[in-house]
Amino acid sequence: MKAKTQEELIYLNMTMKVPYKWRTGETMGEFFRELKENGIIYANQCPTCGRHFCLPKSVCTRDHTKCTERSKWIPVGPKGTLVTYFMAEQSFLLPTTGEMLKIPFAVGIVLLDGAAVILQHQLEETDTEKIKPFMRVEAVIKPKEERKGNIYDIVHFKTIHE
Amino acid sequence: MANRVAIVGIGQTTHSGRRPYVNDGELIYDAVTKALADADLSINDMESVMSGNMDLFEGHHLNDAMLNLYSGAAGKPGFKMNTGGTVGSMMAIQGWYHVASGLFDLVLVIGWEKHDEGLVTPAISTITDPAVDRPFLVGAIGGLATVSVAYMQRSGCKLEHAAMVRANASQAAARNPNAHMREIYSVEEVMNARMVMYPLNLLMCCPTSLGATALILASESKAKKICKKPVWMKDHVTVHVEYGGAQFGIGEKRWTSHMEAGAKLFKRNNITKPMVETQVFEMYDPMAFAIPMWLEDFLICEPNEGWKLVEKGALKLEGEYPVSPSGGVLCTNSIGDSAILRVAEAALQIRGDAGEHQVTREVKQALASGFGGSYWSDLLLLSKTKD
Ligand SMILES: [Zn+2]
């Protein structure tokens, strides 16, 4: 049963390549526009519980109230506190690009100054000896001419010493 | 008031990393026929047959439609479930809803997955928002690594404790003929495994397995007539929470879906000492920090005490509070099957039918959990007696 011809009979190799075009929505669209045009990271606010969300949310998860009122948005960060992180030392296939993850790849859960919820983004530092929970970090934003209005306009978070 | 529901039939396939001569339907058929044989019933006795898995793992959308001849669902009412890691526990809970409603007397529920057919991590990464989170989530393992770092930070738990958990699990799985990874590892061997996603090394992550589990659920009147050892589904809780600072105690008191589930279930059932009033817990433990961290989160032990219980050996198969005596998800992880397998294994412990991995304490009540999606929890309480 282990012969090569048998193996070929019982396997069908197939790759599905499925293109998508996702909508970011009104709130995130506005967030990305501000990031692209002015290089500013904004948080919006839930009118019920008062929490500032960054990344902004259209609807508060807890109160189910709409929080899109633009005049209530405030700039947050770019400095913040690292809450926790992971560090990939093995590569995996990325579903959005079909490419392999470039390792080492560290991702931090960051609470930006002024925000009440966390966001996750890449860390510049990849030495686990040097990454400590609750250390201070700062978002590095691309120069204006390189910004495209997506999450990669933030390059990564760098460690800062205050 | 809901009608009482009992588990009257249990069937599981053997689990492995690869089973090239079996297709999806044949895998399901294997579990279904074992459950029917266990209950001494025929597929014609089943009023509803329902299955669950995660479609993207096998790249087969709406697979329940094509697989209905293998599952026995043809011509019968039912739902398909796809809730990530909680698929299996949701299948058991969904079966419970059907029978508890009084509309069904006998229901067959199936959880299955065949991870040798596709890639797990890229499929899991698609659960997040493509515009903001997806580039920074590396499957379930990335998220689980972040909560592990946070747990070590706040509790004092060390990598060595995670290695002890994995070494214990390997001892348990070696006694379970249906487990996938049955090799025995020492703490040192676990510590020396290749790092995959700091702080989780290869042995501290669950494997990718294939397998299926089927449960037959019956109403009280039916169970009394047909089953000598019914296991009663006494209660269950499902909790969904937002993924935000509360996970990590940022800006507010730490609160997770597991904490909410434990608080609700124990309050509703007047359980004040979970480690005494339940005698075994089959936990959905997808990585080695899960058992100590989540015993705390389910409010079964005090905060920062979980890893101390590991150190004492209390959670081993013959310990004072055995957790995942089957070897758990750490040794067998066919995702859509993983959480229903917890329910099945907990029920086997209550029946006294777990064989070589039967725990040494007498089991009157058992817990089983599911975990997955975007931090969702299921917690089930099973009992030998109906009240
Ligand atoms: Zn709110």
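To keep things clear, this report deals only with the structure shown in the data block.

## What about the overall build of chain A?
Alright, step 1. Scanning chain A from terminus to terminus reveals 2 helices and 8 strands.
Alright, step 2. Secondary structure elements in chain A, listed N-terminal to C-terminal, are α-α-β-β-β-β-β-β-β-β.
Alright, step 3. At 20 Å, chain A has a C-alpha radius of gyration far larger than the 15 Å of a compact globule built from 162 residues.
Alright, step 4. Looking at chain A as a whole, 40% of its 162 residues are labelled buried.
Alright, step 5. Excluding contacts between residues fewer than 6 apart, the proportion of contacts in chain A whose partners are at least 24 apart in sequence is 52%.
Alright, step 6. Working note: accessible area of chain A is about 9,500 Å², and carbon and sulfur atoms make up 53% of it.

## Regarding unusual backbone geometry
Alright, step 1. Geometrically, the link from I103 of chain A to P104 of chain A is a cis peptide bond, its omega value of -5° lying close to zero.
Alright, step 2. By the element assignment, P104 of chain A lies in the loop between β4 (79-88) and β5 (105-112).
Alright, step 3. Backbone torsion omega between Y198 of chain B and P199 of chain B reads 10°, so that peptide bond is classified as cis.
Alright, step 4. Here P199 of chain B lies in the loop between β5 (195-198) and β6 (200-201).

## Focus: the packing of aromatic side chains
Alright, step 1. Taken as a whole and assessed by the stated rule, the structure comprises 8 aromatic pairs over all chains.
Alright, step 2. Aromatic side chains W96 of chain B and Y97 of chain B sit 5.2 Å apart centroid to centroid with 80° between the ring planes, which places their arrangement in the edge-to-face category.
Alright, step 3. Over the aromatic face of Y42 of chain A sits the side chain of R70 of chain A, whose NZ or CZ is 4.8 Å from the ring centroid.
Alright, step 4. The ring centre of W22 of chain A lies 4.7 Å from the NZ or CZ of R134 of chain B, which sits over that ring.

## Quick notes on the nonpolar core
For soluble globular proteins, the rule of thumb is that nonpolar side chains tend to be buried together.
Alright, step 1. Judged by nonpolar contacts, the single largest core of 148 residues is most densely connected at F31 and C54 of chain A together with I7, L215, F281 and L295 of chain B.
Alright, step 2. At 9 residues, the largest contribution of residues to this core is made by helix α16 (residues 335-351) of chain B.
Alright, step 3. If we ignore the near neighbours within four places in the chain, the residues touching I7 of chain B are L215, I216, L217, K229, P230, V231, M233, V343, A347 and L382 of chain B.
Alright, step 4. Ranked by size, the runner-up nonpolar core spans 27 residues in total, among them L36, M46, L210 and A212 of chain B.

## Topic: the interface of chain B and chain A
Alright, step 1. Listed as interface residues are 38 residues of chain B and, on the opposing side, 41 residues of chain A.
Alright, step 2. Counting the surface lost from both chain B and chain A, the interface buries some 3,700 Å², and carbon and sulfur atoms represent 68% of this.
Alright, step 3. The interface formed by chain B and chain A holds 0 salt bridges in total.
Alright, step 4. Our count for the chain B to chain A interface comes out at 6 residue pairs in polar contact (both at pLDDT 80 or more).
Alright, step 5. Within the residue set of the side of chain B that touches chain A, elements represented by two or more residues are α6 (120-125), α7 (139-155) and β5 of chain B.
Alright, step 6. By residue number, the principal contributor to the side of chain B that touches chain A is α7 of chain B, which donates 7 residues.
Alright, step 7. Residue composition of the side of chain B that touches chain A, grouped by class: 23 nonpolar, 9 polar and 6 charged.
Alright, step 8. Bridging between β4 of chain A and β5 of chain B involves 2 bridges; their strand directions are antiparallel. The residue of β5 of chain B that forms the bridge with M87 of chain A is Y198 of chain B.

Cut-offs and rules
Residues numbered from 1 in each chain as written. Chains lettered and ligands numbered in written order. Predicted model: local features only at pLDDT ≥ 70, side-chain atom pairs only at ≥ 80, totals over all residues. Heavy atoms only, no water. Helix = DSSP H or I, 4+ residues; strand = E, 2+ residues; numbered from the N terminus. Rg over C-alpha atoms; globule rule 2.2 N^0.38 Å. Buried < 20%, exposed > 50% of the residue type's maximum accessible area, 1.4 Å probe, protein only. Contact = heavy atoms within 4.5 Å. Areas by Shrake-Rupley, 256 points an atom, 1.4 Å probe, with all protein chains shown as cover. Phe/Tyr/Trp six-rings, centres within 6.5 Å; stacked < 30°, edge-to-face > 60°. Lys NZ or Arg CZ within 6 Å of the ring centre and 35° of its normal. Core = buried A, V, L, I, M, F, W, Y, C linked by side-chain atoms within 4.5 Å. Buried area = accessible area lost by both parts, 1.4 Å probe. Salt bridge = Lys/Arg side-chain N within 4 Å of Asp/Glu carboxyl O. Polar contact = N/O pair within 3.5 Å; in protein donor to acceptor, adjacent residues only side chain to side chain. Nonpolar A, V, L, I, M, F, W, Y, C, P; charged D, E, K, R; others polar. Pairing = 2+ DSSP bridges.

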